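Descriptive analysis of the structure
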Amino acid sequence: MVQFQWHDGTVKNIHVDPPFLYEYQKQLSRAVRMYERRIEWLSLASRRIWGTVCEKRVVVLLDISAANSTYIIHIQHSLRLLLEEQLSNKDAFNVIAFGSSVESWRPELVPVSQDNLQSAWRWALTLRCGGSRNVLGALRKAVEVDFKDKDKHQAQGLYLFTGGIPDQDMALLSAYVAEACGGCDLQLNVCLFYVGEPRMDSTPPACYASRADTATAYRQATWAAGGRFHWFGDTGIFESDDISAIASEMEKALNYSEKCALLVSSLKNQARKELQSAAPAKEKPKALRQRRQPERLRPAKPAARAVPGTGVKDDHDRKRSPPLRAPAGRPRKAGVPPARPAKDAAAPGRRRGTKSREAGTALSLFYMETGNNVGSVYKRYPRGRAIRGPTASVELPRKDTVCSSQEWVANFGLKKLKMDISRRIGPNCTHQRSAWSPAAAKHCSVLPSVEVNGTVRHIQWTPREIDAYIACLEKVTRRYVQRLQWLLSGSRRLFGAVLERKVCILLDTSGSMGPHLQQVKTELILLIWEQLRKHCDGFNLISFAEGPQLWQDTLVEPTDAACHEAMQWVTHLRAEGGTSVLQALLKGFSLRGVEGLYLLTDGKPDTSRSLVLSEAQRLTDERGVRVHTVSLSCSGRAEVTFLRSLASLTGGRYHCPVAEDTLLQIHGLLTKGFVDAEDPMLPLFEGDDLRRLAQEITKARSFLWLARAFRSQLQKKQDAEPKATAS
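Our subject in this report is the structure included herewith.

Basis of the calculations
- Residues numbered from 1 in each chain as written.
- Predicted model: local features only at pLDDT ≥ 70, side-chain atom pairs only at ≥ 80, totals over all residues.
- Heavy atoms only, no water.
- Phe/Tyr/Trp six-rings, centres within 6.5 Å; stacked < 30°, edge-to-face > 60°.
- Helix = DSSP H or I, 4+ residues; strand = E, 2+ residues; numbered from the N terminus.
- Buried < 20%, exposed > 50% of the residue type's maximum accessible area, 1.4 Å probe, protein only.
- Lys NZ or Arg CZ within 6 Å of the ring centre and 35° of its normal.
- Salt bridge = Lys/Arg side-chain N within 4 Å of Asp/Glu carboxyl O.
- Core = buried A, V, L, I, M, F, W, Y, C linked by side-chain atoms within 4.5 Å.
- Pairing = 2+ DSSP bridges.
- Arc of directions from axis to C-beta.

On to the packing of aromatic side chains, then. For the structure shown, the criterion picks out nine aromatic pairs. Ring centres 6.4 Å apart and planes at 40° place the aromatic pair Phe193 and Phe232 in the tilted group. Here Phe193, found in strand β8 (residues 186-194), pairs with Phe232, found in strand β9 (residues 229-233); they are 39 residues apart in sequence, far enough to count as distant. Residue class for Phe193 comes out buried when judged on its relative accessible area of 5%. The class of Phe232 is buried, set by a relative accessible area of 7%. When the ring of Trp408 is compared with that of Tyr480, the centres are 5.7 Å apart and the planes differ by 75°; the resulting orientation is edge-to-face. Residue Trp408 is found in helix α15 (residues 405-412), and its partner Tyr480 is found in helix α16 (residues 463-487); the two are separated by 72 residues along the sequence. The exposure class of Trp408 is buried, given its relative accessible area of 0%. Cluster of aromatic residues (ring-pair linked, three or more members): Trp50, Phe161, Phe193 and Phe232. Lying across the ring of Trp41, Arg47 places its NZ or CZ 3.9 Å from the centre.

Shown next as structure tokens:
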């Protein structure tokens, strides 16, 4: 019988049968292999795209909106795989295609046959993409027409194959799905595919959302209807309820196997204790005598009697000879007064000694267990000043706050967290000045030490403290890396983080922007929905070439309707003309209530740069508006210098997006871990936010390497001490 601590903290007696546990673990291993094969099966062929089609009566809803016009061939191929592999053994099926309008292959469900499957495939080849995503219309077409006799049939399933957010509000859509599926055997299963951002040269979607928000919205609608959610892309399956359920069972099986191993280990420990307790009693005194024999060799009592009548000078003489040690590990008896401080007894000698000798001595007195005898322990190491060790509970924000890197580092940097490694290094070593010159100084053999910039300094750390510091520093470095990844994701990669609540975006649409305008329009739409819609109280857009063009005359509240209108305005921008930066800045400063201007350009202004800088500084002093500059290219140093100066004079930040190849390398480094000494360094970012955070990451890495070197030095010191004592 073994005592085992349960998950709720209670201790229970368990009767353990090792053969039974062994057989149970083999069954768990077989179950895990079966789960692995199931997951592999779910990741192949049409199941990778659609998941598993379980119902006998199926309606497929195909998204053929204008945003999917480039991927119509992939959509048709996915439907063909479904028809060939999973619908051939069903009872009835139908296919509905939807964009702005809804088109059905058959008015109602039809039986599954070879002719019907071939007819559905020929019909799918005639589909053409257009319009937005009328998901609610497609659902109503499927529920209110095709399933009018749903109570007379077996399980029925809707499979929505889409690539973006629907036109309708998701709360309304979820409520309709929950009502339609309630009280009947009907389920909505969503197959979401991610194909990238929509092309802005075509008709834009009626509603826009990021990939994460889109997945969240469909996931909630699916669960409201009691269905399953499946999300895939070019690189594989991102999320699948079927696979998640099996992975959960795998984790449960592995957990049970670990509990079995703990039970067997407890049984072995108990058996070992029983064997030790069953040993012959006559062998125990022999073991005790062998254990106590070294204590008899210690001349502890003579040393104890000599201490009260001697001074520190005698102790220094004792240092030259082998020291007499008293057993310091015995606990003091109850009621016995504490040991007298050693500094009182050593005061006369300390007046005659030198500072170096005083720093190298320490004496502790204590009462022995028998009688009134006094014991002493002579220590060679000085009592160092108290060092505040690193706190293991460093509080860092879990979510990334919208602020500049300068402000973020000021609140959560190494200096603020008191993680500077110089706080853990003691003063310079003074024990070897008389023996060696400073130029030939080596590591001190008296105290734990390390060489820093050619000077030997003491390490005022215990191994436990340095381990805690390293663990804390690794945690802080990982959080810094997460912050850097956040700055390099989404619309922040091109525009940086939008800090103010009332902003205006100044977009350069001159002729030189032609090769970049398509990408900039896509990123600007992402900025509208990801940052302006969520974090701002008012915004406006201004494009400038020969002259500025305003989207609205004033700042507008970022409602859904306003964001849709702004997205439509962005899609019609064209690249032509010059670069009138000054006129665009004047228009931006004239907006009432504006707090920040975000200027994106690829070149120098048409007017004098000094004039632009002086006017911007004057307007900033009058209005208190900051100008943040974004450069599409960091190759032209004159343009970069101008944009840096413009941002610096107005209290803003300069930002330059990272190139695609560099971005892939950085993501590879950050995903790997980025804490080892052999890992490459971060590149020199041009943008202010990226550069400031990268500097803090580089500093944290250097502290981490030094701390590991110090730990290795301490370990070598501890390993060498027993050898020196034995010799």
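This is not the end of the story, as more comes after the structure.
This brings us to unusual backbone geometry. With a phi angle near 55°, Ala45 is a residue other than glycine that sits in the positive phi range. A positive phi angle is found at Lys418, which is not glycine, with a value near 60°. Along the chain, Lys418 falls in the loop between α15 and β13 (425-428).

Moving on: the pattern of salt bridges. Under the definition given, this model contains 22 salt bridges. The closest approach of N and O atoms between Glu23 and Arg30, which form a salt bridge, is 3.8 Å. Taking the relative accessible area as the measure of exposure, Glu23 reaches 33% and is therefore partly exposed. The partly exposed category is assigned to Arg30, whose relative accessible area is 41%. Between Glu686 and Arg644 there is a salt bridge, with its nearest N and O atoms 3.0 Å apart. Residue Glu686 is found in the loop between α23 (660-672) and α24 (688-726), and its partner Arg644 is found in helix α22 (residues 637-649); the two are separated by 42 residues along the sequence. For Arg644, a relative accessible area of 24% puts it in the partly exposed group. Through salt bridges with shared partners, a single network forms among Glu23, Lys26 and Arg30.

This part takes up the nonpolar core. Core analysis: the largest hydrophobic core is formed by 38 residues, its most contacted members being Leu414, Tyr469, Leu473, Tyr480 and Leu484. For this core, the secondary-structure elements that each account for two or more residues are α15, α16, α23 and α24. Top contributing element to this core by residue count: α16, with eleven residues. Counting 32 residues, the second-largest nonpolar core is a separate cluster that includes Leu160, Ile165, Ala180 and Cys181.

Time to look at the sheet that holds strand β18 (residues 548-550). With respect to topology, six strands assemble into an open sheet ordered β18-β17-β16-β19-β20-β21, the strand pairing being mixed. Here the strands that pair on one side only, and so sit at the sheet edges, are β18 and β21 (654-655). Pairing geometry for strand β16 (residues 502-508) and strand β19 (residues 596-601), over five bridges, is parallel. Within the sheet, the bridge partner assigned to Leu507 lies in β19 and is Leu600.

A few words on helix α20 (residues 581-590). In an α-helix, one turn spans 3.6 residues, which is why side chains three or four residues apart end up on the same side. Taken together, the buried positions of α20 are occupied by Val581, Leu582, Ala584, Leu585, Gly588 and Phe589. The arc enclosing the buried residues of α20, seen along the axis, measures out at 160°, which places them on a common side.

Judged by how many residues are buried, β9 sits mostly within the fold: five of five residues are covered. Neither face of β9 is exposed, since Phe229, Trp231 and Gly233 on one face and His230 and Phe232 on the opposite face are all buried. As paired strands, β8 and β9 are joined by five bridges and run parallel to one another. Considered in β9, the bridge of Leu192 is made with Trp231. Strand direction decides the pairing type here: β9 and strand β10 (residues 236-240), joined by four bridges, are antiparallel. Within β10, the residue paired with Phe232 across the bridge is Ile237.

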